[in-house]
Amino acid sequence: LKMSCSWLYLPLHLLAVACLCHSIKAPTTSSRQNFKTDLFNFYHSLLLADGKETTVHLLKDIPKRYYFVLEEGRALAPFTITVTPCDVPIEWSVLVHKASAICFLPAGARDTQEVSKSQKAPSMVSTIFNFKGNSVETYMGMSPHPALYVLEFLSTERDTHITVYLTTDTTSGHLFPELPSDPRLDVVGIGHTTVTLTWKHSPSVLQHRENIQYCLLVNEKHNYKSLCAAETAIRSSGMKLPPALALSLSPYLLEPQQVMILSNSELSIISKANSGEVRQICMGTKNTYTVPNLSPSTQYYFDVFVVNLLTNASAAYTGTFARTLDEPEPKVMELKDGKVIQVVLDGKKQKFSTLQYQARHKKIQFAFQLCRGQVQVHITKNGKTAVSENISGLKYFSLKGKFLDTYLVQLRSTEESNSSVKVQVSPPFYKPSFPLLPDSLKIKSFSKLRTCNSVTIAWLGTQEESKYCVYRKKIEEEQVWTELQSVDRCSGPESRHKSEKVLCKYFFDVNLQRAVTTETIKGLDSGTLYLFDVYLFGPSGIPVRYHSKVVKTRKKC
């Protein structure tokens, strides 16, 4: 096999292998085999774009090669290669093929017999850089003469993808934002539900403030060395993220598992999956941030990325982690015989409340009246569970024990909105504070008895003579859901306007089958929605509110 080095007068990248490191004499068997290997590798490589980020997909255990050429006019010019793994660690190398000196001699000189041995020596193929890992790595090089460079990438763990950025023009600015000399995040404050972070400004922020911003990633698993790696890991956990964090500012790009919150010029995207919650917060160019609404006693990992909004390229600060403070011990309230207390539970912040009672009698009775929301009651006696149950309406629990037994009552809200409950504990001989309740607290309306200016309603009573007060309120269609959801079933009519009161009356019946009363409310407007409420007052005056009823009068009669 004979080759003419005059081929080099054609574009170098088309004939680079032909004059790579081979003598113009007939090659030996060994050099012929090496040459075939070079040809195979070269023609199975792809040209790497200059000045553009390239996404490379790798199959497990199958190397992939890209090449680029430094032409003669680019000699001595520096170049940089930045590789960002987006998942598992990879291996990558930079190889250089330097053509022999004879290939660059004038044509007449190449025909002379006085070429020195060094000029006839084959060109060299050498590995000038090798890296293995999953961190972002940049190689900067410079060649004194024309050369062909080959980048080889290999993933040995699984299929993955990476991004590669090559530039031979290092004077035109940076695609990637710059990191400060100290790229660490500092934790400057830790609370029960907050962590405050600070970091040094990126030089890119100081130079191009309008095109650069910081974005923070918060999760409970581990730190990420690049934004690309973070997005890949989150997707694999079952969530679909927008293509890029910094540019995903439109709510139309969000998936059903995501919630976007925009407040005080900060964008937060909360993504939920089986592996936990991931928060992405972009806060402009502020370099101090307090992460809110964290869970107590939980370790979180924090990563900050400085993002170029024009190119969407990013650089990662060195991530950190912090554990929020333990949840403070709830204050324990003492229960006293016969005294009724009302406990309000915040569904988001304070979901628990603990009450304590030391028995002065062998038999005691707990009474719980659910006012709003959903509440679970857990009662222990001397450390052992006695009751654990979700309550609705009015619920009594009678317990037996010994004198001076200690009871702990833990109340827990089971929903996000606020809940409240009234609690009383007393010995059996105490007169109950809560009224005796009927089997149902529903109010019934009779459609056939509706007129343009009247409505007839009915409700159940008890065997105990009690006072019942009826109230009405005119409402609009769009108010119905809000009115029904926001009802406090423990509240009395003291907060109602006097004009809403219809009547109050006493009744009872020893025969529960006949303990029903009806009332026709007149003087209503036609075609109008009304909200009707009935309040039941027991011997102690504590009210119980029946379930509100919405009825519309007839429009035409």
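About the cut-offs
- Each chain has its residues counted from 1, following the order in which its sequence is written.
- Only residues with pLDDT of at least 70 are given local features in this predicted model, and only at 80 or more are side-chain atom pairs given and counted; all residues enter the totals for whole chains, interfaces and linings.
- Note that water and hydrogens are dropped before the side-chain values are worked out from all heavy atoms of the structure.
- Counting from the N terminus, the helices are the DSSP runs of H or I reaching at least four residues and the strands are the DSSP runs of E reaching at least two.
- By definition, residues are in contact when any of their heavy atoms lie within 4.5 Å.
- Per-residue accessibility takes into account occlusion by the displayed protein chains alone, with areas from the Shrake-Rupley method and a 1.4 Å probe.
- Buried, partly exposed and exposed residues are distinguished by accessible area as a fraction of the type maximum, computed with a 1.4 Å probe on protein chains only: under 20%, between the cut-offs, and over 50%, respectively.
- Here a strand pair is declared whenever DSSP counts at least two bridges between the two strands.
- What counts as a disulfide here is a pair of cysteine sulfur atoms lying within 2.5 Å.
- Helix axes are fitted only over the stretch in contact, all axes being lines through C-alpha atoms; the angle between N-to-C directions runs from 0 to 180 degrees.
- You can read pLDDT as the predictor saying how much it trusts each residue, on a scale of 0 to 100.
- Working definition: rings of Phe, Tyr and Trp (its six-membered ring) pair if their centres are within 6.5 Å, and the pair is stacked with planes under 30 degrees apart, edge-to-face with planes over 60 apart, and tilted otherwise.

Participant: Can you tell me about the overall build of the protein chain, naming the residues and giving the values?
Facilitator: Looking only at helices and strands, the protein chain has seven helices and 36 strands in total. Relative to all contacts within the protein chain whose residues are 6 or more apart in sequence, the contacts with residues 24 or more apart total 73%. Only carbon and sulfur atoms are counted for the fraction: they give 52% of the accessible area of the protein chain, which is about 29500 Å².

Participant: An account of the pairing of strand β12 (residues 212–219) is needed here, citing residue identities and associated values.
Facilitator: With eight of its eight residues buried, β12 lies for the most part within the structure. Burial along β12 is two-sided: Ile-212, Tyr-214, Leu-216 and Val-218 and Gln-213, Cys-215, Leu-217 and Asn-219, pointing in opposite directions, are all buried. Strand direction decides the pairing type here: β12 and strand β17 (residues 299–308), joined by eight bridges, are antiparallel. Bridge pairing in β17 links Asn-219 to Tyr-301.

Participant: Could you give an account of the environment of Thr-193, with specific residues and numbers?
Facilitator: Note that Thr-193 resides in the loop between β10 (185–190) and β11 (195–199). Along the sequence, Thr-193 and Asn-293 sit 100 residues apart, while their C-alpha atoms lie 5.4 Å from each other. Excluding residues that lie within four positions of it along the chain, Thr-193 makes contacts with Val-291, Pro-292, Asn-293, Leu-294 and Pro-296.

Participant: I'd like a description of the state of the cysteines, backed by residues and values.
Facilitator: Tallied over the full model, the rule gives five disulfides. Between the sulfur atoms of Cys-215 and its disulfide partner Cys-282 the distance amounts to 2.1 Å. Every disulfide takes its handedness from the sign of the S-S torsion; for Cys-215 and Cys-282 that torsion is 105°, giving right-handed. Separated by 67 residues along the polypeptide, Cys-215 in strand β12 and Cys-282 in strand β15 (residues 276–282) bring together distant segments of the chain. The pair Cys-215 / Cys-282 is uniform in exposure class, with both members buried. Sequence-ordered numbering of the bonded cysteines in the protein chain yields a pairing of 1-3, 2-4, 5-8, 6-10, 7-9.

Participant: So what's going on with the sheet that holds strand β4 (residues 78–85)? Which residues, and what values?
Facilitator: Ordered in space as β2-β9-β4-β7, the four strands form an open sheet in which the pairing is antiparallel. Both outer strands of the open sheet, β2 (52–58) and β7 (137–142), are each paired with one neighbouring strand and no more. The mean angle between the axes of side-by-side strands here comes to 20°, regardless of whether they run parallel or antiparallel. Relative to β7, β4 runs antiparallel, the two sharing six bridges.

Participant: Got a sec to walk through the confidence of the model for the protein chain? Specific residues and values, please.
Facilitator: Mean pLDDT over the protein chain stands at 80; residues scoring 70 or higher make up 77%. Ignoring residues within four places in sequence, the model shows residues 1–28, a span with pLDDT below 50, making 67 contacts including any to other chains. Confidence drops under pLDDT 50 across residues 100–121; counting only partners more than four residues distant or on other chains, this segment forms 30 contacts.

Participant: Go over the side chain of Thr-380 with me, naming the residues and quoting the values.
Facilitator: Looking at the secondary structure, you find Thr-380 in strand β24 (residues 375–381). Excluding anything up to four places from it in sequence, Thr-380 contacts Thr-385, Ala-386, Thr-406, Tyr-407 and Leu-408.

Participant: Could you give me a rundown of the packing of aromatic side chains, with the residues and numbers involved?
Facilitator: Evaluation of the coordinates by the stated rule reveals 23 aromatic pairs. Where Trp-199 meets Tyr-214, the ring centres are 5.6 Å apart and the plane angle is 75°; that geometry is what we call edge-to-face. Here the residue Trp-199 occupies a position in strand β11, and Tyr-214 occupies one in strand β12, the gap between them amounting to 15 residues. Here Trp-199 and Tyr-214 have matching classes, each one buried. Considering the side-chain rings of Tyr-214 and Tyr-317, the 6.2 Å spacing of their centres and the 70° angle between planes classify their relative orientation as edge-to-face. Residue Tyr-214 is located in strand β12, and its partner Tyr-317 is located in the loop between β18 (314–316) and β19 (320–323); the two are separated by 103 residues in the primary sequence.

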